[in-house]
Amino acid sequence: MSKTWRPATQLVHNGTLRSQFGETSEAIYLTQGFVYDTSEAAEARFKGETDGFIYARYGSPTNDMFEKRMCALEGAEDARATASGMAAVSAAILCQLQAGDHIVAARALFGSCRWVVETLAPKYGIECTLVDGRFVENWEKAIRPNTKLFFLESPTNPTLEVVDIAAVAKLANQIGAKVVVDNVFATPLFQKPLELGAHIVVYSATKHIDGQGRSLGGVILSDKQWIDEKLQDYFRHTGPAMSPFTAWTLLKGIETLPLRVAQQTANASKVADFLAEQGNKVARVIYPGRKDHPQADIIAKQMSGGSTLVAFELKGGKEAAFKLQNALEIVKISNNLGDSKSLITHPATTTHKNLTDEARAELGISPGTVRFSAGIEDSADLVEDFARALEQVSA
């Protein structure tokens, strides 16, 4: 495959394996096991002396195609596909740490990600410090002699804060720590964490990569040495592997990723601009594609596009947020995101409900905060849908 191909071409062709039948679409290899021509061949494969598949929990032809295609898009040497995005997050963190190690993580995280670093990791003797990730000095102040890992999302869920990935990576390199970036909100099209200095990138492939509400999946990407030395044994023995059928579904989804994300981003931008004009009912709008984003300078430096997500706050609190959501016709209420259908959620009562009131306030999640995930519908219809729904919200 040509390394000069652009993303849209890579996502249709890269990593394709064809059987002797010469199929056009990628084949689904649903087998869980593989056979060997001789006992000697089996021994050599288990020793790693010859290439090939051993067991679907370790890898399969269909999963291999998906992993190679993600590597081509991300600019990574190697990848492992997982059963869900959270399987990717937990594996990427736990595979490289041990009791006595220390994590520094941005406090603005998806609820389950925050649970992994704040609640699960300490059960195994791994310490964690949460910081306001917007300011590099906070990362530096949190460093201890046993700090081994920095973990962050950028933009964050749900308030679309941005972390300076290159600056955090520079700090990590100074102490020999690794940086893990959850890149879901930026998508691999708009932000390249590995190019910015991060060491590991994780995705919930459930979101934009599938993007059509069909499959759970995740993926971990890094250099081959880290995959081989840190992740591979964890992956083989704990079993977070992706189903080959899911991998095939994601291969089909990723072919249209650039087309969908382009339309979703255009729609998100237009809805954000519309909401920003509704000052009598909307207190604030946060969108990485707008010049009034508090961290527009960092966005310009590390992102090549905006986002498919918009965060905004209604002046009437939870009551206004519920009225708006209930009145929408095209936009559906769901805690998912990155779908071809436009979706909306109220984080305080769904994705971040398990945080304390104080923790939500620290993250800027008020009772009136709403997260909108733009789909691929006509933008004019979406704006009209919000306009009608806002009429139901008291000023």
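Reading the values: the criteria
- Residue numbers restart at each chain and count upward from 1, following the sequence in its written direction.
- Reporting in this predicted model follows two pLDDT cut-offs: at least 70 for local features of residues, and 80 or more for side-chain atom pairs to be given and counted; totals over whole chains, interfaces and linings ignore these cut-offs and use all residues.
- Here the side-chain values reflect all heavy atoms present in the structure, with hydrogen atoms and water set aside.
- UniProt positions are given in the numbering used here, feature names are shortened, and annotations may be inferred rather than shown by experiment.
- Salt bridge, as used here: a side-chain nitrogen of Lys or Arg that lies within 4 Å of a carboxyl oxygen of Asp or Glu.
- Numbered from the N terminus, helices here are DSSP runs of H or I no shorter than four residues, and strands are runs of E no shorter than two.
- Only protein chains enter the accessibility calculation, which uses a 1.4 Å probe; a residue is then buried when its area is under 20% of its type maximum, exposed when over 50%, and partly exposed in between.
- Here, nonpolar core refers to any group of buried Ala, Val, Leu, Ile, Met, Phe, Trp, Tyr and Cys residues whose side-chain atoms link them within 4.5 Å.
- Residue contacts are counted whenever heavy atoms from the two residues lie within 4.5 Å of one another.
- Pairs were defined over the aromatic rings of Phe, Tyr and Trp, the Trp ring being its six-membered one, requiring ring centres within 6.5 Å. Orientation was assigned from the angle between planes: stacked under 30 degrees, edge-to-face over 60, tilted for the rest.
- The rule for a charge over a ring is simple: NZ of Lys or CZ of Arg within 6 Å of the ring centre, and within 35 degrees of the ring normal.
- Those domain boundaries reflect an automatic or database domain assignment.
- Accessible area, probed at 1.4 Å, shrinks when two parts are joined; the buried area is that loss added up over both.
- Definition of a polar contact: a pair of N or O atoms within 3.5 Å, with one able to donate and the other able to accept a hydrogen when the atoms are protein atoms, and with sequence-neighbouring residues admitted only if both atoms are side-chain atoms.
- Note on residue categories: nonpolar means Ala, Val, Leu, Ile, Met, Phe, Trp, Tyr, Cys or Pro, charged means Asp, Glu, Lys or Arg, and polar means any other residue, Gly included.

- The name that an unreviewed UniProt entry assigns to the protein chain is O-succinylhomoserine sulfhydrylase, with the source organism given as Rhizobium freirei PRF 81.
- The UniProt entry for the protein chain carries the following text under Catalytic activity (unreviewed entry): "O-succinyl-L-homoserine + hydrogen sulfide = L-homocysteine + succinate".
- The Sequence similarities (unreviewed entry) field of the UniProt record for the protein chain holds the comment "Belongs to the trans-sulfuration enzymes family. MetZ subfamily."

**What to know about the pattern of salt bridges**
And then number 1: What the rule picks out here adds up to 22 salt bridges.
And then number 2: Of the charged contacts in the structure, one is a salt bridge between arginine 114 and glutamate 118, with a shortest N-O distance of 3.1 Å. Taken together, the residues span about one helical turn, with arginine 114 and glutamate 118 both in helix α5 (residues 111–123) at a distance of four residues.
And then number 3: The class for glutamate 118 is partly exposed, based on a relative accessible area of 37%.
And then number 4: In this structure, arginine 290 and aspartate 273 form a salt bridge, with 2.6 Å as the shortest nitrogen-oxygen distance.

**Notes on the nonpolar core**
And then number 1: Counting 32 residues, the largest nonpolar core has Phe66, Met70, Tyr203, Ile209, Val219, Leu221 and Leu257 as the members making the most contacts within it.
And then number 2: Of all the secondary structure elements, the ones that give two or more residues to this core are α3 (61–74), β1 (78–82), α8 (187–190), β6 (200–204), β7 (218–222), α11 (244–255), α12 (257–276) and β9 (309–314).
And then number 3: Of all the elements, α3 adds the most residues to this core, at five residues.
And then number 4: Those residues in contact with valine 219 that sit more than four places away from it in its chain are Phe66, Met70, Ala79, Arg80, Ala81, Thr82, Ala88, Val201, Val202 and Tyr203.
And then number 5: Counting residues in hydrophobic clusters, the runner-up holds 28 residues, among them Ala92, Ile93, Phe151 and Leu231.

**Topic: the environment of serine 84**
And then number 1: The residue serine 84 is located in the loop between β1 and α4 (85–94) in this model.
And then number 2: Along the primary structure serine 84 and threonine 62 are separated by 22 residues, whereas in three dimensions their C-alpha atoms are 16 Å apart.

**Points about unusual backbone geometry**
And then number 1: Residue serine 154 is joined to proline 155 through a cis peptide bond whose omega torsion reads -10 degrees.
And then number 2: Structurally, proline 155 is set in the loop between β4 (147–153) and α7 (165–175).
And then number 3: Of note, the bond from asparagine 157 into proline 158 is cis; its omega dihedral lies within 30 degrees of zero at 5 degrees.
And then number 4: Take proline 158: it is sitting in the loop between β4 and α7.
And then number 5: Even without being a glycine, leucine 160 presents a positive backbone phi close to 60 degrees.

**Notes on the packing of aromatic side chains**
And then number 1: Under the defined criterion, the tally for this structure stands at seven aromatic pairs.
And then number 2: On the numbers, 6.1 Å between centres and 35 degrees between planes, the contact of phenylalanine 245 with tryptophan 248 is tilted. On the criterion of helical spacing, the pair formed by phenylalanine 245 and tryptophan 248 is a turn pair, its members being three residues apart in helix α11.
And then number 3: Ring centres of phenylalanine 312 and phenylalanine 386 lie 6.2 Å apart, and the angle between their planes is 75 degrees; on these two criteria the pair is classed as edge-to-face. Remark: phenylalanine 386 occurs in helix α16 (residues 379–390) and phenylalanine 312 occurs in strand β9; sequence separation between them is 74 residues. We note that phenylalanine 312, like phenylalanine 386, is buried.
And then number 4: Members of the aromatic cluster, each reached through a chain of ring pairs, are Phe312, Phe372 and Phe386.
And then number 5: Of note, arginine 236 hangs over the ring of tyrosine 58, and the distance from its end group to the ring centre comes to 3.9 Å.

**Side note on the domain arrangement of the protein chain**
And then number 1: Domain annotation for the protein chain reports domain 1 (7–253) and domain 2 (257–392).
And then number 2: A C-alpha centroid distance of 27 Å is found between domain 1 and domain 2.
And then number 3: Here domain 1 and domain 2 share an interface that buries about 3200 Å² over both sides, 61% of which is from carbon and sulfur atoms.
And then number 4: Looking at the side of domain 1 facing domain 2, the largest losses of area belong to Leu160, Phe190 and His208, adding up to 23% of the total buried there.
And then number 5: At the junction of domain 1 and domain 2, the tally comes to one salt bridge.
And then number 6: Close ionic contact of lysine 301 with aspartate 164 constitutes a salt bridge, the shortest N to O distance being 2.8 Å.
And then number 7: Between the two partners, domain 1 and domain 2, sit 21 residue pairs in polar contact (both at pLDDT 80 or more).
And then number 8: Those elements that provide at least two residues to the side of domain 1 that touches domain 2 are α1 (7–13), α5, α7, α8 and α9 (206–210).
And then number 9: The greatest single-element share of the side of domain 1 that touches domain 2, amounting to five residues, is contributed by α9.
And then number 10: Classifying every residue of the side of domain 1 that touches domain 2 by side-chain character gives 21 nonpolar, twelve polar and seven charged.

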